[in-house]
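# Observations on the three-dimensional arrangement
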Amino acid sequence: MKVLIVFDHPRRDSFCGAVLDQLISGLSSAGHHVELADLRAEGFDPRLTPGDEPDWKDAHQVYSDAVLAEQARMSRSDALAFVFPVWWWSFPATTKGWIDRVWNHGWAYGARKLPHRKALLLGTAGASAEHYARRGADEAMRVQIARGMMEYCGIPETQLHLLFGALGQGSVRQQHLATARSLGESFFVE
Ligand SMILES: Cc1cc2nc3c(=O)[nH]c(=O)nc-3n(C[C@H](O)[C@H](O)[C@H](O)COP(=O)(O)O)c2cc1C
């Protein structure tokens, strides 16, 4: 499969960046083709401009050049992966804005839906699994992101993996890196 990875972290040398490296390594060893969208390094502007606001009456609206370029990049892939730190129970704002602008009306929902067959979400999380379970935070993220965005836009199979306790060092992080690699090898196999 051709997999577009959307990476959203201020630093490529972060723990999140190490998760990305392992995901790429797993994908490559399984023979997948990888394209990387490093949104911050590329300077993607997440703010929805007036020109990219949906015209609800126009099913064939042409969006800005910046959005067309992102849509072209998405069109080259069969599946999507997201690697991000959980910030306030969600993606960082750059990924949210990328979805706001690029997954636009008439292209990702409405007259047309996304053709991507799978989406894998890897979020590093500072808190523990117990912290999330007690507050329903993981379920809230699944409803918001997996159901509200991926499924709504037509992607039939999505998995969200939260890599808990990511501020700790040592074996927890090593386990998360191994998980990222193993998901890269297994999740996109058809
Ligand atoms: C603005 C901000 C908001 C955060 N919100 C959460 C949160 O809601 N839940 C959580 O588990 N961790 C939260 N964290 C902790 C990050 O998830 C953690 O710093 C990150 O996953 C560690 O990976 P990194 O070293 O690659 O940045 C937050 C961190 C920041 C900076």
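The coordinates are above.
Residues numbered from 1 in each chain as written. Predicted model: local features only at pLDDT ≥ 70, side-chain atom pairs only at ≥ 80, totals over all residues. Heavy atoms only, no water.

Pairing is parallel in the open sheet, where five strands are placed in the order β2-β1-β3-β4-β5. Bordering the open sheet on either side are β2 (33-38) and β5 (157-163), each of which pairs with just one other strand. Taken pair by pair, the neighbouring strands of this sheet meet at an average axis angle of 15 degrees, ignoring direction. Strands in contact with helix α1 (residues 15-29) are β1 (2-7), β2, β3 (79-85), β4 (118-124) and β5; relative to β1, the strand with the most contacts, it is inclined by about 175 degrees. (Pairing = 2+ DSSP bridges. Helix = DSSP H or I, 4+ residues; strand = E, 2+ residues; numbered from the N terminus. Axes fitted to C-alpha atoms, helices over the stretch in contact; angles between N-to-C directions. Contact = heavy atoms within 4.5 Å.)

Another point: unusual backbone geometry. One non-glycine residue, Trp88, lies in positive phi territory at about 50 degrees. By the secondary structure assignment, Trp88 is in the loop between β3 and α3 (93-102).

Side chains that are three or four residues apart share a direction in an α-helix, a result of its 3.6 residues per turn. Counted at 1.5 Å a residue, the expected span for helix α6 (residues 171-186) with its 16 residues is 22 Å, and the 22 Å between its end C-alpha atoms agrees. Of the positions making up α6, those classed as buried are Arg173, His176, Leu177, Ala180, Leu183 and Gly184. Buried residues in α6, looked at end-on, bunch into an arc of 125 degrees, giving them a common side. Exposed and oriented more than 90 degrees from the buried face of α6 are Gln174 and Gln175. Those residues of α6 that are buried are in contact with α1, β4 and β5. (Expected span 1.5 Å × (residues − 1). Buried < 20%, exposed > 50% of the residue type's maximum accessible area, 1.4 Å probe, protein only. Arc of directions from axis to C-beta.)

Relative to the helices and strands, Gly184 resides in helix α6. Since its relative accessible area comes to 0%, Gly184 is described here as buried. Between the C-alpha atom of Gly184 and that of Ala72, which follows or precedes it by 112 residues, the distance is 23 Å. Among all residues touching Gly184, those that are not within four sequence positions of it are Leu23, Gly26, Leu27, Ala30 and His32.

To continue, consider the pattern of salt bridges. All told, the structure shown has 13 salt bridges when counted by the stated rule. Between Arg117 and Glu190 there is a salt bridge whose closest N-O contact spans 2.7 Å. Pair noted here: Arg117 is in the loop between α3 and β4 and Glu190 is in the segment after α6, with a separation of 73 residues, a long-range link. Arg117 gets classed as partly exposed once you look at its relative accessible area, which sits at 35%. Ionic pairing is found between Lys118 and Glu157, a salt bridge with its closest N-O pair at 3.7 Å. With Lys118 in strand β4 and Glu157 in strand β5, this residue pair connects regions lying 39 residues apart in the sequence. Looking at Lys118, the relative accessible area reads 10%, which means it is buried. Judged by its relative accessible area of 35%, Glu157 falls in the partly exposed class. Look at the salt bridges and you will find they share partners, linking Glu42, Glu70 and Arg73 into a network. (Salt bridge = Lys/Arg side-chain N within 4 Å of Asp/Glu carboxyl O.)

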